[in-house]
Amino acid sequence: MSDREFGGNDDLSLPKATVGKIIGEILSTDPGVTFAKDTRDLLIECCVEFITLISSEANEIAEKEAKKTIACEHVKAALEELDFQNYVPAILEVAADYKKQQATREKKQTKIEQSGMTEEELIRQQLELFRSATDKFKDTQ
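Note that the coordinates shown come from a computational prediction; the quantities given were computed from them, not determined experimentally. (Residues numbered from 1 in each chain as written. Predicted model: local features only at pLDDT ≥ 70, side-chain atom pairs only at ≥ 80, totals over all residues. Heavy atoms only, no water.)

**Student:** Explain the overall build of the chain to me, using residue names and the numbers behind them.
**Tutor:** On a plain count of helices and strands, the chain comes out with six helices and zero strands. Its C-alpha atoms give the chain a radius of gyration of 26 Å, clearly above 14 Å, the size a compact globule of 141 residues would have. The principal-axis extents of the C-alpha atoms in the chain amount to approximately 75 × 45 × 35 Å. The buried share among the 141 residues of the chain stands at 12%. Intrachain contacts of the chain at a sequence separation of at least 6 include 44% that bridge at least 24 residues. Carbon and sulfur atoms form 54% of the exposed surface of the chain, whose accessible area is close to 11800 Å². Looking at the chain, you have 19 positive and 28 negative side-chain charges, and the mean spots of the two groups are 8 Å apart. (Helix = DSSP H or I, 4+ residues; strand = E, 2+ residues; numbered from the N terminus. Rg over C-alpha atoms; globule rule 2.2 N^0.38 Å. Buried < 20%, exposed > 50% of the residue type's maximum accessible area, 1.4 Å probe, protein only. Contact = heavy atoms within 4.5 Å. Areas by Shrake-Rupley, 256 points an atom, 1.4 Å probe, with all protein chains shown as cover. Lys, Arg positive; Asp, Glu negative; His and termini not counted. Charge placed at Lys NZ, Arg CZ, Asp CG, Glu CD.)

**Student:** Any details on the packing of helix α1 (residues 16-27) against helix α2 (residues 37-64)? Residues and values, ideally.
**Tutor:** Contact geometry of α1 with α2 gives a least axis separation of 10 Å together with a crossing angle of 105°. Relative to α2, α1 is oriented roughly perpendicular. Contacts from Lys16, Val19, Gly20 and Ile23 of α1 reach α2 at Arg40, Asp41, Leu43 and Ile44. Class assignment of the residues belonging to the contact of α1 with α2 gives a composition of four nonpolar, one polar and three charged. (Axes fitted to C-alpha atoms, helices over the stretch in contact; angles between N-to-C directions. Parallel < 35°, antiparallel > 145°, perpendicular 65-115°, else oblique. Nonpolar A, V, L, I, M, F, W, Y, C, P; charged D, E, K, R; others polar.)

**Student:** Requested: an account of the UniProt feature "domain: Transcription factor CBF/NF-Y/archaeal histone" (unreviewed entry) in the chain, with residues and values cited.
**Tutor:** Within this numbering scheme, the UniProt entry marks residues 13-79 as carrying the feature "domain: Transcription factor CBF/NF-Y/archaeal histone" (unreviewed entry). Annotated as 72% helix and 0% strand, the span residues 13-79 places its first and last C-alpha atoms 21 Å apart. (UniProt positions renumbered as here; feature names shortened; annotations may be inferred.)

**Student:** Help me get a handle on the environment of Pro89, residues and values and all.
**Tutor:** Turning to its location among the elements, Pro89 is positioned in helix α4 (residues 88-104). In this structure the C-alpha to C-alpha distance between Pro89 and Gln126, which are 37 residues apart in sequence, comes to 54 Å.

**Student:** Tell me about unusual backbone geometry, residues and numbers included.
**Tutor:** Although it is not a glycine, Ala66 sits at a positive phi angle of roughly 60°. The topology assignment puts Ala66 in the loop between α2 and α3 (72-81). In this structure, Asp83 is a non-glycine residue whose phi angle is positive, near 65°. Tracing the chain through its elements places Asp83 in the loop between α3 and α4.

**Student:** How would you summarise the pattern of salt bridges if you had to cite specific residues and measurements?
**Tutor:** Enumeration according to the criterion identifies three salt bridges in this entry. Salt-bridge contacts for Lys16 lead to Asp41; the nearest nitrogen and oxygen are separated by 3.9 Å. Here Lys16 is found in helix α1, whereas its partner Asp41 is found in helix α2, with 25 residues between them in sequence. On the accessibility criterion, Asp41 (25% relative accessible area) is partly exposed. Measuring nitrogen to oxygen at the nearest pair gives 3.1 Å for the salt bridge that ties Glu80 to Lys76. (Salt bridge = Lys/Arg side-chain N within 4 Å of Asp/Glu carboxyl O.)

Given below as structure tokens:
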């Protein structure tokens, strides 16, 4: 896989602070161990390459199925195809947790719902605003 396929990896990265925080959480169990900044940057490059590899393979699998959206099963198949089967149970668990969170999260209200007015009241208010704007425009003529 070449960098040319993805327009070069210069554009792709992960937030250094977030990666640093994850590393800190992992190393907190082993006091006295530190992680050099250049090592963190190397880890970020490796992660980006891994993500690129998996997403590219998942995209190919999705395209073979004539799908335009990469789904969880495509990522699972990509991991298996690239001999990363040991990651499959973890991603399926994360995917199930995500689905559960999405099902129980509060739905955002639309502006119409937030207004607390009925559709008829909103239409009446809109017509009044149009009339008012038209009257103001005619007064300037």
